Amino acid sequence: MKAFLPIDITDARFVSSTIAEPYTGEPAWNSGTTYAQDAEVSVITADSHLVYKSLVASNLNNPPATSTDKWFLKGYTNRFRMFDWNQGNPSKGASPLTVTIKPGQRINAVMLEGIKAATAKIIVKDGVGGPTVLTINKDLLNRHATTPYEWCFSPFVYDKVTATFDVPPVGDPVVTITLTDPSGICELSRFAVGQAIYLGEIEWNPVSDAENYSEITWDSFGKATLTPVPSQPLIELELATEANRVNTVRQFREQANAKAVVWSGLDNLDHVYAEPLVLIGVYQRFPIDLSNIKQAKINLTLKGI
């Protein structure tokens, strides 16, 4: 199993995107414009790309960042949502959607999550305009069919996650991703890069689960009403790691405390279990059992964001 803390993408680490900013539906805030209730605006400053929603009608000359009774902070702009590790709202753009970043340090991992596209391409270069050191092309439309009937009639679905842990250790990596889809619109929830570490080998019984937050209420006549809330992925894993790696794992556990982390249960990302065992989220439990002097046991409970 491998994991990494995604590098924050600041303005200095952002190169380009085909998603316009400000995007349609989130125009730049203007002090001379009167905004209706529920109107959305963007406020873009150095290393800050945010969208606010108006809480009141006739909203005039109230700066969103300081007028908390007039504006609600909704999140990142459409262009930068894919770099918001604490929310899973996707960036959306016309196909082909192309984004380039420059992390400013060595990396060995790239992860794309929450993809809605037919194909994904990852290119890593050593410096802007430098030589290409890695190219990955991934077809994301899949049937997951196991019978002749399913091969013929099952609908295609999107594989939502792809990742690589084989980025060469070049000094100035520049990562470009391109998504395409015949619908004309692509979506991407997370575009994360970083330096992954090896935590240990998964034992026999990993569990992929989903935690449901929907509510059901009943009136006095027994009629049920469902208030749907999207479920969050939950993964439980048992890992075995060599004793001489325990301090490295403990250091990572401390660094990852209360932070969004990219977790990948399998190095072989073409395996059928790869997508259920890849997520970005926090650890709920991370005990390290030191009963065996040669090999430690790690029990991980991971919760997606």
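Located above this text is the structure these notes cover.
The structure presented is a predicted model; accordingly, all values stated were derived computationally and were not measured.

Draft legend 1. Region of the structure containing unusual backbone geometry. Residue Pro-22 is reached from Glu-21 by a cis peptide bond, and omega for that bond is 0°. For the peptide bond that leads from Ser-95 to Pro-96, omega is -5°, which places it in the cis range. Considering the arrangement of structural elements, one finds Pro-96 in the loop between strand 8 (91-94) and strand 9 (97-101). Here Asn-61, not a glycine, exhibits a phi torsion of approximately 55°, which is positive. Given the relative accessible area of 47%, Asn-61 is considered partly exposed.

Draft legend 2. Fine view of the layout of surface pockets. Within this model, the largest pocket holds a volume of roughly 640 Å³. Along its surface, the largest pocket is lined by 25 residues, and Glu-113, Gly-114, Lys-160, Pro-233 and Ile-305 are the ones closest to its centre. Within the residue set of the lining of the largest pocket, elements represented by two or more residues are strand 21 (207-211), strand 24 (232-242) and strand 26 (278-285). Here the lining of the largest pocket is composed, by residue class, of 11 nonpolar, seven polar and seven charged.

Draft legend 3. Structural detail: the nonpolar core. One finds Phe-83, Val-99, Leu-112, Val-175, Ile-177, Leu-179 and Phe-191 to be the most contacted residues of the largest nonpolar core, which totals 41 residues. Every element with two or more residues in this core is listed here: strand 9, strand 10 (109-113), strand 11 (119-126), strand 15 (161-164), strand 16 (173-180), strand 17 (185-188), strand 18 (190-194) and strand 26. When residues in this core are grouped by element, the largest group, four residues, is from strand 10. Among all residues touching Leu-112, those that are not within four sequence positions of it are Ala-120, Ile-122, Lys-160, Val-161, Thr-162, Ile-177, Leu-179, Leu-188, Arg-190 and Phe-191. Counting 22 residues, the second-largest nonpolar core is a separate cluster that includes Leu-199, Ile-235, Leu-277 and Leu-300.

About the thresholds
Residues numbered from 1 in each chain as written. Predicted model: local features only at pLDDT ≥ 70, side-chain atom pairs only at ≥ 80, totals over all residues. Heavy atoms only, no water. Helix = DSSP H or I, 4+ residues; strand = E, 2+ residues; numbered from the N terminus. Buried < 20%, exposed > 50% of the residue type's maximum accessible area, 1.4 Å probe, protein only. 1 Å grid on protein atoms, 1.4 Å probe; cavity = no way out; pocket = protein on both sides within 12 Å on 5 of 7 lines; lining within 4 Å. Points joined across faces, edges and corners; volume = space filled by probe spheres on them. Nonpolar A, V, L, I, M, F, W, Y, C, P; charged D, E, K, R; others polar. Core = buried A, V, L, I, M, F, W, Y, C linked by side-chain atoms within 4.5 Å. Contact = heavy atoms within 4.5 Å.

Geometric values such as these leave the question of function open.
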